[in-house]
Amino acid sequence: MNVKFILVFLFGACEIADGHIIIYNTDGKHASPKQDLESEILDVRAQLIIISSQVNALIERVNSLESAGAKATEITTATTAKTTATTQTVSKCPDSWSTYNDSCYFIDSKDVNFQTAKNMCSQQHAHLVHLETREENAFLKSLLEKHFSEGLLYWIGMTDSETEGVWKMTGTDTIIPFTDWKGIEPENALTHPTGQDCAAFYRPLSYSWADINCFNRLARAVCEKNVTVLNMG
């Protein structure tokens, strides 16, 4: 509502000059000092009303912006959650392969020499198993005992052909981090002067390791390769 209209209604003749309200008596003369003071007070009050109205409008604007911001955050969070859900990954091994941690294992049913076993694994984009932990070793021994007990020997991807007694993983320069020999193993030249530079899981020793000749002895391949990671969405 117009401020001057309010003052005219309350006090009669008045005018606004230089931002101040001047109230006249009914005869058109200037008001008394008391009236001047009252006029000044009314002037300030009127300005306070205007300022208060502006402040309230700003508060409403801030509340509106905060509400819009909260809604935008909810939308962003929901979108992120949906994106995460649609990009979940699944580790998968081929059929007939067993899974342990990040590896897939395949145990062949043919008895072959060490080199042939390596080639068979390579054809399946794998390698003869590299035993990196005791836990992995225990997993494979349990797997052999439960499902593949018909075989006598199963090749492990390790050899000491470079330096006698220093066993390394095939295709690498990595020395094996632990051993699982039993009895007199590894016997090597004690009874086999032609050498026993390869290793295998040996059923009569509860699938602990035995060193055997790489060329004359036959065993079954234990192949290993990384799992395939699939994006699900």
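The present account deals with the structure reproduced in this document. (Residues numbered from 1 in each chain as written. Predicted model: local features only at pLDDT ≥ 70, side-chain atom pairs only at ≥ 80, totals over all residues. Heavy atoms only, no water.)

**Digging into the packing of aromatic side chains**
Thinking step 1. Counting across every chain of the model gives eight aromatic pairs.
Thinking step 2. Here Phe 114 and Trp 155 contribute two aromatic rings whose centre-to-centre distance is 5.2 Å and whose plane-to-plane angle is 75°, an arrangement assigned as edge-to-face. Of this pair, Phe 114 sits in helix 3 (residues 114–123) while Trp 155 sits in strand 7 (residues 153–159), placing them 41 residues apart in sequence. For the pair Phe 114 and Trp 155, one class covers both residues: buried.
Thinking step 3. Put simply, the rings of Trp 167, Phe 178, Trp 181 and Trp 209 pair up and form one aromatic cluster.
Thinking step 4. The ring of Trp 97 carries the charged tip of Lys 225 above its face, separated from the ring centre by 4.7 Å. (Phe/Tyr/Trp six-rings, centres within 6.5 Å; stacked < 30°, edge-to-face > 60°. Helix = DSSP H or I, 4+ residues; strand = E, 2+ residues; numbered from the N terminus. Buried < 20%, exposed > 50% of the residue type's maximum accessible area, 1.4 Å probe, protein only. Lys NZ or Arg CZ within 6 Å of the ring centre and 35° of its normal.)

**Comments concerning the sheet that holds strand 9 (residues 198–202)**
Thinking step 1. Taking strand neighbours across the sheet as the criterion, the four strands line up as 8-7-9-10 in an open arrangement whose pairing is antiparallel. Every interior strand has two partners, whereas the edge strands, strand 8 (168–169) and strand 10 (208–212), have only one.
Thinking step 2. One ladder, built from five bridges, connects strand 7 with strand 9; its direction is antiparallel. Within strand 9, the position partnered with Leu 153 by the bridge is Tyr 202. (Pairing = 2+ DSSP bridges.)

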